[in-house]
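Coordinate analysis (summary)
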Protein chains: 2
Amino acid sequence: MKRLVLKFGGTSVGTIEKIKKVANIIKKKFSEGNEIIVIVSAMAGATDLLKKKSNLISNNFDNKELDVLLSSGEQVSCSLLSGAIIDLGLKARSWLGWQIPIITNDNYTSSQIMKIKIDEVSNFISNGGIAVIAGFQGISTESRITTLGRGGSDLSAVAVAKFFQTDSCEIYTDVEGVLTTDPSINEKAKKIDKISYEEMLEMASLGAKVMQPNAVQASMIDNIPIHVRSTFSEKAGTKIISDSEIDYNKVVTGVAYSKNNAKVSIVGVVDKPGVAADIFEPIGKNNINIDMVIQNTSLDGKKANITFTIKREDLKKTLGLIEKNKQKLNYNKLIHDDKLAKVSIIGAGMQANSGVTHKMFRSLADEKINILAISTSEIKISVLIRENLTQRAVKTLHKTFKLN
Amino acid sequence: MKRLVLKFGGTSVGTIEKIKKVANIIKKKFSEGNEIIVIVSAMAGATDLLKKKSNLISNNFDNKELDVLLSSGEQVSCSLLSGAIIDLGLKARSWLGWQIPIITNDNYTSSQIMKIKIDEVSNFISNGGIAVIAGFQGISTESRITTLGRGGSDLSAVAVAKFFQTDSCEIYTDVEGVLTTDPSINEKAKKIDKISYEEMLEMASLGAKVMQPNAVQASMIDNIPIHVRSTFSEKAGTKIISDSEIDYNKVVTGVAYSKNNAKVSIVGVVDKPGVAADIFEPIGKNNINIDMVIQNTSLDGKKANITFTIKREDLKKTLGLIEKNKQKLNYNKLIHDDKLAKVSIIGAGMQANSGVTHKMFRSLADEKINILAISTSEIKISVLIRENLTQRAVKTLHKTFKLN
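Residues numbered from 1 in each chain as written. Chains lettered and ligands numbered in written order. Predicted model: local features only at pLDDT ≥ 70, side-chain atom pairs only at ≥ 80, totals over all residues.

Description of the overall build of chain A
The helix and strand inventory of chain A stands at twelve helices and 18 strands. Relative to the 2.2 N^0.38 estimate, which gives 22 Å for 404 residues, the radius of gyration of chain A is 24 Å and therefore close to what a compact globule would have. By the burial criterion, 47% of the 404 residues in chain A qualify as buried. Counted over contacts in chain A with a minimum sequence separation of 6, partners at least 24 positions apart contribute 75%. (Helix = DSSP H or I, 4+ residues; strand = E, 2+ residues; numbered from the N terminus. Rg over C-alpha atoms; globule rule 2.2 N^0.38 Å. Buried ≥ 20, exposed ≤ 12 C-beta atoms within 10 Å, placed from the backbone. Contact = placed C-beta atoms within 7 Å.)

Now the structure itself:
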């Protein structure tokens with residue numbers, strides 16, 4: 001007998017009909033002889049609607065009350081789902097975060113799970129019951145409701161899998177798994193059968209939206225194998241596992257992109273120690289994330305050009321911070337460009353393969369795509385290009401690295 | 001310093017704007033130097049919407065899960081209201097049933113409150129905080145969420161007033177108080193300043209919808225004075241108090257009616273002991289309430305006619321039950337009429353006044369209204385009449401007993 005965690009996202013329980021469908025999936029898994037713990041998100045749209053109500057009350061709505069408000073979304077979906085399972089003739093019950101309890105720290109609206117008391121739920125599933133747990137929520141040490149932040153139900157699933165020592169953690173969503181790239185810009189995108197945590201993290205933070213990056217990170221830390229799959233198909237999805245369990249026959253696992261980029265160049269700053277700190281300190285203090293950084297020194301070694309990229313929405317603020325600092329920085333010119341995209345190839349296999357960088361650049365050059373900046377990590381190479389070339393770049397890289 | 005319970009119904013918190021208005025009422029009461037405990041219902045329509053969802057899942061939705069589902073409605077309104085009060089610069093927090101806790105029995109969907117632990121909330125309001133408690137909900141002895149049934153927030157308010165020994169319990173609603181009769185059929189209806197619990201019970205169960213009858217009963221048992229008033233006006237409403245505190249200058253306090261009546265007559269049953277039991281036993285077993293009963297014996301003493309009234313919606317089922325029993329009852333004819341209404345005059349003052357009955361019948365006779373059945377209690381006289389005469393009857397009684 002296996003013990004499974006099945007997590008259903010908001011789109012999987014978005015309507016009454018879908019909730020009934022999910023109840024049937026659970027019934028099937030149960031009838032196959034498994035012990036089942038279900039984690040459920042709020043019905044699609046519910047959380048946004050509640051958030052909107054709080055914003056209409058106040059732009060600065062109290063965090064603790066916000067958690068009481070938002071947690072009601074999962075309370076609705078998990079009671080409806082339990083009711084639907086009971087209606088199929090099975091034994092089921094809902095558990096809210098405070099009932100188990102799922103104990104978190106007191107960081108309201110984005111709490112971390114500290115501990116889960118497993119006794120009651122464990123006893124229930126050992127005696128033939130199906131436990132339906134509200135995702136996204138917990139209880140603080142001062143006995144108030146907490147929530148885990150955006151996508152928190154994935155985190156709930158991973159934490160439950162860890163504390164209950166389940167054999168598997170299945171994340172049900174509205175797509176068939178993790179794809180090699182975005183199918184809306186490349187119809188040749190294919191489902192990835194296996195992906196490492198590290199690769200998935202790079203894919204997730206670059207726009208593959210099937211699982212929250214922090215939940216991937218949590219599963220990596222505790223080595224919890226994840227199976228991302230579709231609620232609406234019986235096909236196997238994508239397994240997210242340790243890279244030691246993956247036999248890499250491909251150098252590159254996927255091609256990701258983000259269009260939300262802007263570049264800032266500060267031309268002709270005096271090249272002396274501390275100048276980069278003078279530039280980036282006020283930006284960092286304003287919670288603006290710097291992505292890529294390139295520094296060119298002039299031939300005479302006296303002046304330098306510093307270029308960096310940020311999120312497009314931060315551009316105006318960033319320019320203001322630099323201009324405010326013009327006297328101190330003593331630069332010649334401030335240039336910016338916000339029609340840029342970042343395209344990345346990701347693959348744990350590239351660590352063992354030389355020539356990947358060269359192959360990527362050649363492939364882009366053949367398509368006459370100019371590279372404006374580069375950044376690399378052990379399992380990822382990203383390039384900054386003009387936004388209107390994104391689709392062409394993704395398609396050629398997808399083909400070059402044999403993902404088609 | 002006074003300690004007040006302020007209860008706001010669903011229509012009072014039906015929109016974000018109304019929630020903000022309620023927050024301002026609370027602020028005003030607080031600034032007058034009172035300790036405040038607020039009880040809040042779900043936003044108007046929310047409970048019905050949740051109920052509808054459960055019905056779409058199953059016609060026989062699990063009671064325990066239904067309570068988890070329905071209690072989310074008050075969770076939303078009480079967190080929004082707390083947030084709105086905090087936004088006005090005051091200290092406030094929400095409490096759900098399980099947090100206080102409000103301990104109930106395990107009678108899911110219609111639980112009774114057994115005990116309320118007052119320490120935490122008491123401490124909070126003694127230190128300048130405003131407590132906002134979700135109405136309608138509690139926690140069972142097995143630590144699961146319970147609800148108190150329809151109108152349960154009124155019951156929450158009365159129980160909180162009792163356990164916290166507050167000085168007053170104000171029920172805010174969308175009307176200015178309890179009226180002498182329904183203003184939609186008699187524009188001469190006037191607000192009643194003071195009414196006894198017993199009178200209110202008769203008024204409530206006959207259709208004056210400002211407060212749930214079982215909450216009135218609970219306040220009567222513990223002698224909790226209630227003040228029913230409008231959220232949208234500063235005028236005093238209706239005080240519901242013990243009849244010993246009321247100086248009756250009027251014999252009749254109000255005129256109530258209900259149109260939801262049907263009459264059944266069984267003509268020519270043998271007049272022997274046990275025949276009434278034979279008729280009413282199967283009806284009672286089917287949870288159909290019998291209201292008025294009239295039995296006429298024939299002149300020869302051998303046959304009798306039995307007439308009784310029920311709710312109109314129960315008519316078909318009742319006729320079926322009697323017909324099924326025809327052989328045993330051995331009656332001649334079964335007659336029914338479902339175009340009937342019941343009109344009642346209510347007044348604790350009538351106990352000390354003779355001639356009220358006579359005056360009522362004369363008044364109706366003058367208007368050519370035929371009385372089909374009569375029932376009386378110490379503080380009420382009800383008559384059954386043709387439904388199309390309801391308005392005329394209410395108007396003439398309202399005038400006769402000087403309520404205009």
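Overview of the interface of chain B and chain A
In this assembly, 28 residues from chain B lie in contact with 28 residues from chain A. Listed by contribution, the elements that provide at least two residues to the side of chain B that touches chain A are helix H1 (16–31), helix H2 (46–57) and helix H3 (63–87) of chain B. Among the residues making up the side of chain B that touches chain A, the classes are represented as 13 nonpolar, ten polar and five charged. (Nonpolar A, V, L, I, M, F, W, Y, C, P; charged D, E, K, R; others polar.)

Re the environment of Ala276 of chain A
Residues and elements named next belong to chain A. Relative to the helices and strands, Ala276 is located in helix H8 (residues 275–285). Overall, Ala276 belongs to the partly exposed group, with 14 C-beta atoms counted inside 10 Å. Residues Ala276 and Ala393, spaced 117 residues apart in sequence, show a C-alpha to C-alpha distance of 31 Å.

So, the domain arrangement of chain A
Taken domain by domain, chain A comprises domain 1 (3–174) and domain 2 (255–400). The centre of domain 1 of chain A, based on its C-alpha atoms, is set 40 Å off from the matching centre of domain 2 of chain A. (Domains from an automatic or database assignment.)

Here's the deal with the packing of helix H3 (residues 63–87) of chain A against H2 of chain B
Two quantities define a packed helix pair, namely the angle between the axes and the distance from one axis to the other. Across the interface, H3 of chain A lies against H2 of chain B with an axial gap of 9 Å and an inter-helix angle of 25°. Here H2 of chain B runs roughly parallel to H3 of chain A, going by the angle between their axes. Judged by the sense of rotation from one axis to the other, the crossing of H3 of chain A with H2 of chain B is right-handed. Every residue of H2 of chain B that contacts H3 of chain A at Val76, Leu80, Gly83, Ala84 and Asp87 of chain A is listed here: Leu50, Lys53, Ser54 and Ile57 of chain B. Its residues assigned to classes, the contact of H3 of chain A with H2 of chain B shows five nonpolar, two polar and two charged. (Axes fitted to C-alpha atoms, helices over the stretch in contact; angles between N-to-C directions. Parallel < 35°, antiparallel > 145°, perpendicular 65-115°, else oblique. Left-handed = near helix turned anticlockwise from the far one by under 90°.)

Observations regarding the relation of the copies chain B and chain A
A rotation about an axis combined with a shift along that same axis relates the two copies of the chain. Overlaying chain B with chain A gives an RMSD of 0.2 Å, the required rotation being 180° about an axis along which the chain moves by 0.0 Å. Accordingly, the operation relating the two chain copies is best matched by a two-fold axis. Every residue of chain B has its C-alpha some distance from the rotation axis, and the shortest such distance is that of Ser72 of chain B, at 2.8 Å. A share of 100% of interface residues in chain B that are also interface residues in chain A marks the association as one of identical surfaces. (Least-squares fit on C-alpha atoms with pLDDT ≥ 70 in both.)

Side note on the sheet that holds strand S16 (residues 333–346) of chain B
All names here are of chain B. Read from one edge of the open sheet, six strands run S14-S15-S13-S16-S18-S17, paired in antiparallel fashion. In this open sheet, the two strands that pair with only one neighbour each are strand S14 (293–297) and strand S17 (373–377). Within the sheet, the average angular offset between the axes of one strand and its neighbour, ignoring direction, is 25°. Note: S17 against strand S18 (residues 380–386), five bridges, orientation antiparallel. For Ala373, the partnering residue across the bridge sits in S18 and is Leu384. (Pairing = 2+ DSSP bridges.)

What to know about the sheet that holds strand S1 (residues 3–8) of chain B
Residues and elements named next belong to chain B. Read from one edge of the open sheet, eight strands run S3-S6-S2-S1-S9-S11-S12-S10, paired in mixed fashion. This sheet does not close on itself; its edge strands, each paired only once, are strand S3 (92–95) and strand S10 (194–196). Ignoring strand direction, the axes of neighbouring strands in this sheet form an average angle of 20°. Sheet topology note: the strand S9 (residues 168–173)/strand S11 (residues 226–230) ladder contains five bridges and is parallel. When the sheet's bridge partners are listed, Glu170 is paired in S11 with His227. Packing against the sheet, helix H5 (residues 152–163) makes contact with S1, strand S2 (35–40), strand S6 (130–134) and S9, and its axis sits at approximately 175° to S1.

Observations concerning the pairing of strand S1 (residues 3–8) of chain A
Residue and element names in this part refer to chain A. With five of six residues buried, S1 lies mostly within the body of the structure. Of the pairings in the sheet, the one linking S1 to strand S2 (residues 35–40) comprises six bridges and is parallel in character. Looking at the pairing, Val5 lines up with Ile37 of S2. Bridge count between S1 and strand S9 (residues 168–173): five bridges; the pairing is parallel. From the neighbouring strand, Leu6 faces S9, where its bridge partner is Glu170.

Digging into the packing of helix H2 (residues 46–57) of chain A against H1 of chain B
One can describe the packing of H2 of chain A onto H1 of chain B by two numbers: an axis separation of 10 Å at closest approach and a directional angle of 45°. With respect to each other, H2 of chain A and H1 of chain B are oriented oblique. Crossing angle aside, the handedness with which H2 of chain A passes H1 of chain B is right-handed. Counted together, Lys53, Leu56 and Ile57 of chain A of H2 of chain A and Ile16, Ile19 and Lys20 of chain B of H1 of chain B form the full contact between these two elements. The residue inventory of the contact of H2 of chain A with H1 of chain B, partitioned by class, reads four nonpolar, no polar and two charged.

What to know about helix H7 (residues 213–221) of chain B
Of all the residues in H7 of chain B, the buried ones are Asn214, Ala215, Val216, Ala218, Ser219 and Met220 of chain B. Phi turns positive one or two residues past the end of H7 of chain B, at Asn223 of chain B, with a value near 55°.

What about unusual backbone geometry?
Geometrically, the link from Ile100 of chain A to Pro101 of chain A is a cis peptide bond, its omega value of -15° lying close to zero. One can find Pro101 of chain A in the loop between strand S3 (92–95) and strand S4 (102–104). Of note in this structure, Asn287 of chain A is not a glycine but carries a positive phi near 60°. Along the chain, Asn287 of chain A turns up in the loop between H8 and strand S14 (293–297). Positive phi outside glycine occurs at Asn330 of chain B, with the angle close to 55°.

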